[in-house]
Amino acid sequence: MSESNRETVLGSLRRALGRDGPVDEDTAAKLRARMVGHARNTVPARTDLDAAGLVELFETMAQKVHATVAHVSSMDDVPGAVGEYLRGENLPSEIVMAPDATLDAAPWSENALLDIRRGAPVESDQVSVTSVPAAVAETGTLAMYSGPDHPATLNFIPETHVVVLPAGRVVKSYEDIWDSIRAQAADPDSGRDGQLPRTVNFVTGPSRSGDIEQTLLLGAHGPRRLHIVIVDGE
Amino acid sequence: MSGSTTRNFKANAARELANDTLRAALTKSKGHFTDGRTTAAENLPEFEALRDQSRDIKNHTIENLDFYLEAYEEKVRESGGHVHWARTAEDARQIVLGICRSVDAKAVNKGKSMISEECEINEMLEANGIRAVETDLGEYIIQLRGEKPSHIIAPAVHLTKGQVEESFRANHTHLDPDRVLEEPPTLLDEARTILRKKYFEAEVGMTGANLLIAETGSSIIVTNEGNGDLSQLIPKVHIVLASVEKIVPTLEDASTILRVLARSATGQEFSSYTTLSTGPKREGDPDGPEQYHVILLDNGRTDMIGTEFQEMLRCIRCGACMNHCPVYQSVGGHAYGWVYPGPMGSVLSPGLLGVDEAGHLPNASTFCGRCEEVCPVRIPLPKMMRNWREQEFEKHLSPGTARVGLGLWAFMAKRPKLYQLATGLQMRLLARIGHAKGRLSSLPLAKGWTKYRELPAPEGRTFQSRWKSGERPL
Amino acid sequence: MSEAPRVALFVTCLVDLFRPSVGFAAVKLMQDAGCTVEVPEAQTCCGQPAYNSGDRKDTIAIAKQVIAAFEGYDHVVAPSGSCAGMIMKHYPELLADDPDWETRATDLAGRTHELISFLTDVLKVENVAAAFDGTVTYHDSCSGLRELGIHDQPRQLLDGVDGLHLRELEDANVCCGFGGTFCVKYPDISNRMVSNKTEQIVATGAETLLAGDMGCLMNMAGKLQREGANVRVRHVAEVLAGMTDTPAIGEPSDGSAN
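Residues numbered from 1 in each chain as written. Chains lettered and ligands numbered in written order. Predicted model: local features only at pLDDT ≥ 70, side-chain atom pairs only at ≥ 80, totals over all residues.

### Digging into the overall build of chain B
Counting its regular elements, chain B contains 24 helices and 12 strands. Based on the C-alpha atoms only, the size of chain B along its principal axes is roughly 95 × 60 × 45 Å. Counting the 474 residues in chain B, one finds 60% classified as buried. A separation threshold of at least 6 residues defines the contact pool for chain B, and within that pool the share at least 24 residues apart is 73%. (Helix = DSSP H or I, 4+ residues; strand = E, 2+ residues; numbered from the N terminus. Buried ≥ 20, exposed ≤ 12 C-beta atoms within 10 Å, placed from the backbone. Contact = placed C-beta atoms within 7 Å.)

### Some details on the interface of chain B and chain C
Across the contact, 50 residues belong to chain B and 61 residues belong to chain C. Only α1 (9-17), α15 (326-331), α20 (381-394), α21 (400-413), α22 (416-434), α23 (447-450), β12 (455-456) and α24 (463-468) of chain B provide two or more residues apiece to the side of chain B that touches chain C. The greatest single-element share of the side of chain B that touches chain C, amounting to five residues, is contributed by α20(B). Considered class by class, the residues forming the side of chain B that touches chain C number 26 nonpolar, 11 polar and 13 charged. (Nonpolar A, V, L, I, M, F, W, Y, C, P; charged D, E, K, R; others polar.)

### Digging into the interface of chain B and chain A
Across the boundary between the two partners, chain B contributes 76 residues, which contact 63 residues of chain A. With seven residues, the top contributor of residues to the side of chain B that touches chain A is helix α11 (residues 184-199) of chain B. When grouped by side-chain class, the residues that make up the side of chain B that touches chain A number 30 nonpolar, 27 polar and 19 charged. Direction of pairing for strand β9 (residues 199-203) of chain A relative to strand β9 (residues 273-277) of chain B: antiparallel, over a ladder of five bridges. Looking across to β9(B), one finds that Asn201(A) is bridged to Thr275(B). (Pairing = 2+ DSSP bridges.)

### Section: α20(B)
All names here are of chain B. The end-to-end C-alpha distance of α20, which contains 14 residues, comes to 20 Å, matching closely the 20 Å that a straight helix rising 1.5 Å per residue would cover. Of all the residues in α20, the buried ones are Leu381, Pro382, Met384, Met385, Arg386, Trp388, Arg389, Glu392 and Phe393. In this structure, the buried side of α20 is in contact with α14 (320-323), α16 (342-353), α17 (355-358), α18 (360-363) and α19 (370-374). Backbone geometry just after α20 places histidine 396 at a positive phi near 55 degrees. (Expected span 1.5 Å × (residues − 1).)

### Let's talk about the environment of Pro166(A)
Residues and elements named next belong to chain A. Turning to its location among the elements, proline 166 is positioned in strand β7 (residues 160-166). C-beta crowding within 10 Å serves as the criterion here: with 22 such atoms nearby, proline 166 is assigned to the buried category. Apart from the residues within four sequence positions on either side, proline 166 is in contact with Thr102, Val231 and Glu234.

### Let's talk about the sheet that holds strand β5 (residues 131-138) of chain C
Residues and elements named next belong to chain C. Strands sit in the order β6-β5-β7-β8 across an open sheet of four strands; the sheet is parallel. Looking along the sheet, the strands with just one partner apiece sit at the ends: β6 (162-166) and β8 (232-235). The mean angle between the axes of side-by-side strands here comes to 35 degrees, regardless of whether they run parallel or antiparallel. Relative to β6, β5 is paired through four bridges, and the arrangement is parallel. Residue alanine 131 lies in a different strand from β6, and its bridge partner there is aspartate 162. (Axes fitted to C-alpha atoms, helices over the stretch in contact; angles between N-to-C directions.)

### Some thoughts on the domain arrangement of chain B
Taken domain by domain, chain B holds domain 1 (31-297), domain 2 (319-394) and domain 3 (401-468). Computed over C-alpha atoms only, the centres of domain 2 of chain B and domain 3 of chain B are separated by 30 Å. (Domains from an automatic or database assignment.)

### A word on the pairing of strand β1 (residues 6-9) of chain C
The two faces of a sheet get side chains in turn, since along a regular strand they alternate between them. Residues and elements named next belong to chain C. Strand direction decides the pairing type here: β1 and strand β2 (residues 36-38), joined by three bridges, are parallel. Bridge pairing links alanine 8 to glutamate 38 in β2. Sheet analysis places β1 next to strand β3 (residues 75-78), joined by three bridges and oriented parallel. Bridging across to β3, leucine 9 finds its partner in valine 77.

### Focus on the nonpolar core
Nonpolar side chains tend toward joint burial in soluble globular proteins. If you look at the biggest cluster of nonpolar residues, it comprises 290 residues, and the most contacted ones within it are Val229(A) and Ile295(B). The element best represented in this core is helix α13 (residues 251-265) of chain B, accounting for eight residues. Filtering out sequence-adjacent residues up to four positions away, Val229(A) remains in contact with Ala70(A), Val72(A), Val78(A), Ala81(A), Val82(A), Val162(A), Val163(A), Val164(A) and Leu165(A). (Core = buried A, V, L, I, M, F, W, Y, C linked by C-beta atoms within 7 Å.)

### Things to note about the sheet that holds strand β4 (residues 127-131) of chain A
Residue and element names in this part refer to chain A. Pairing in this open sheet of six strands is parallel, and the strands run β1-β12-β7-β4-β2-β3 from one edge to the other. At either margin of the open sheet sits one strand with a lone partner, and together these are β1 (68-72) and β3 (115-118). If you compare each strand with its neighbour and ignore which way they point, the axes differ by 25 degrees on average. Inspection of the sheet shows β7 paired to strand β12 (residues 225-231) by seven bridges, in the parallel sense. Counterpart to valine 162 in the pairing with β12 is histidine 227. Each of β1, β4, β7 and β12 is contacted by helix α4 (residues 78-88), which is oriented at about 155 degrees to β12, the strand it contacts most.

### A closer look at unusual backbone geometry
Even without a glycine there, the phi angle at Asn90(A) is positive, about 60 degrees. You can see Asn90(A) is positioned in the loop between α4 and β2 (94-97). Residues other than glycine seldom take positive phi values, yet Lys124(C) does so here, at roughly 60 degrees. Residue class for Lys124(C) comes out exposed when judged on the 8 C-beta atoms lying within 10 Å of it.

### Some points on the arrangement of the chains
For the two pairs of chains in contact, the maximum contact count is reached by chains A and B. Taking C-alpha atoms as the reference, chain A and chain C come no closer than 20 Å and do not contact one another.

### Some remarks on α22(B)
Along its 19 residues, α22(B) runs 26 Å from first to last C-alpha, staying within 8% of the 27 Å computed at 1.5 Å per residue. Where α22(B) is concerned, the buried positions are Tyr419(B), Gln420(B), Thr423(B), Met427(B), Leu430(B) and Gly434(B). Down the axis, α22(B) shows its buried residues gathered within 105 degrees of arc, on one side only. For α22(B), exposure combined with an orientation more than 90 degrees from the buried face picks out Lys417(B), Ala422(B), Leu425(B), Leu429(B) and Arg432(B). For α22(B), the secondary structure elements touched by its buried residues are α21, β11 (439-440) and α24 of chain B together with α1 (13-18) of chain C. (Arc of directions from axis to C-beta.)

### Thoughts on the pairing of strand β6 (residues 141-145) of chain A
All names here are of chain A. Counting buried residues along β6, five of its five residues qualify, which places the element largely inside the surrounding structure. Every second residue of β6 is oriented toward a common face, with Thr141, Ala143 and Tyr145 on one face and Leu142 and Met144 on the other, all of them buried. With three bridges joining them, strand β5 (residues 134-136) and β6 adopt antiparallel strand pairing. When the sheet's bridge partners are listed, alanine 134 is paired in β6 with alanine 143. Hairpin remark: β5 followed by β6, antiparallel, with four residues in the connecting loop; positive phi at glycine 140, about 65 degrees. Where β6 meets β9, four bridges bridge the pair, whose relative direction is antiparallel. The residue bridging alanine 143 from the neighbouring strand is phenylalanine 202, located in β9.

Here it is as structure tokens:
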């Protein structure tokens, strides 16, 4: 059934577009070139800033959408900052953490109060900690790529998501992210094998809903709290 | 089969206008989306340029839709996903059912999807003994109530919190009657708790797509709650049900459209979650679906291409037109009688259901133009509503009495001398009748008017006759 | 200044039939600004009732009649954003398939203006010599606002009227529910829309409501009067021309409200 549906839909499309068959070879070549050209449309000028300016813009935008932000000066201070945040919010100290290399660089074992498990979350997990490969200053958006070192469910299941963001990873726009994942896919050392990440999650603030009388509520299904630890020295 | 009551728009509207709770809900939401959009647009100097570019991207894609669909299909296959083509809603239902049966699914978790509503997927699943669980809070609420969405992005905008509480108490029988549940946060907690369990029970997760990317074979969903992500990440099968016009060539094109989407919809700069999915889980992935299926639905859309309604296929379903529509804001979404309410529905529904069924919708507009003013992809909605009226007029679908009246008026309007003579007499007569009060409270041929308002009486002689007799301003 | 511009008044059917005062006010405003005003005889209506009912053939016939009747004038001016918009925006579209008529339609469209914007934008009128003692509010009619971009012009001129105080109307840019035949085809919906509007008008506390289109004005006046609200309704041109001795719309000649 599917195959004939395919021909019917494409056929009726082509007739409606005034053609008997597929686009001619010239047009096809132009369209292919358009697809691989990755030309950018307008990118908002608000991100025309230096690196420090981008981090500042990122922070402002993220706070505007109810994320909270803390700064530390190096990866060494990350476990302390995470512990402090959890205590301050009266949250449990058991955390499920992404098995990624960025987080490996922090001295977690020195913080005996944290009870850490690495890997994907289960339903009962209350707090997740991940790093992110990039963040977009334009709208205070975190970019996360799924893979063995970053189970995508970490971004959604626990009620609290703590994100470690090395300041140098803040980029201007979504387009920068696309360039970067394309470059990664093409890099034989990346392990991406020519592919984009299966899932790219753009996360802008905690989960929210306005479905009951347009009242803004945080924590609809995803995290209620999104806490970003910016590592200034990285 | 469509479940449409669009034919009864007038009666539907009368019923909804008499619904005081609906009015209370609409009054509460009034201004929320419109002010939000205004602020978001003001905060982005490039907004108008991005609207132009979004329009152009969609136009370009539609002009080459067959090419981009095939390119997209190839990429989905390369990434290990499956593409299914559905000519009709029935095709789509059968494909969904086939996939569900192949994994012996007992439950399907759903992200909010208007295409799913269009295809009546839930009804089909239930009829086949498969539980459909709507996970978007608004959709969940209306599913509990056995209702349909009244808005394409805010499905429960027609309800008050009191009604939500009532539905929760009726359905969540474990609730302690003494538990306070009247405020939105407690209602949300209750829904979160219930749905949380369900995320882990379903074998299949189903979402729509805000965009499909031809260059990568990816689907994009945009949500605020995160329910769409949980629905598509946890079950072992992910089905994306999307209509053919959702496609754009590149991620850059998608970025442009994403920049206008949330701003136009809710006034957010960006929604909480924008998720790009490409194929099933990969080797070594700790989570993600084992199977990734895309169903490309036509259901009448390709028939709009090459007609005066082609531009409607640019629609990105942001809901700005209905948020700004004074008719929608008066009658609410259910009056429209089918999946797509408001101005976009008034153009799209006649295209998908036929003008015989949905002919009222394009007529129920004052052509105030606010919809076109805010449409992120600049769809000329009033113009297309008028195009539908022209089709109805040509097919003699408009009411006979109206046609006779219009015909008589047009006959006169084309004959200035006769027109001036006749109207001159009429106005003097009306002026005489209304002289004492300056207005008329009832007039047999103008009941639609005088049922609700006075008719100001004419001043007396017409301007033209006074001018001709030499009268000039002092 | 060179020779006085020769202006044809497109009276509009509602002004012609229901409110000739507006026509005289328009003439006065343009004469005061140095125009010679004429009123071509072969005019009836711009054709919107047919156009908006899907009757394209009759609309085209009416459009051609209007085009022919208004050829040769420097400007064509209507005291209505809706009718001016019809001529300026829709005639060229309607006649796009007929090169000869399209040229004539485009020519007319280029010479046509809505009254208030004609005064401010073309004649560069900055101030009118008028007085009006009282608080007014102003409704932006849809076609004028969204097809022609008329928003600041009436406010600018009203600002110069002695004794007049303008109190802005909430949702002034939202349709009043008139919509031509809409209000009689869908009376229940139209009623809700105009009721919302009158509620907001009353909430301003203004004694007088002004707008630039007779259709909207008759709709809002009729509703205000049915509700017994103590608000007078006038076309903005009447106030700008200082011609407010006539009874307000829908008021009896003795001037007493209700």
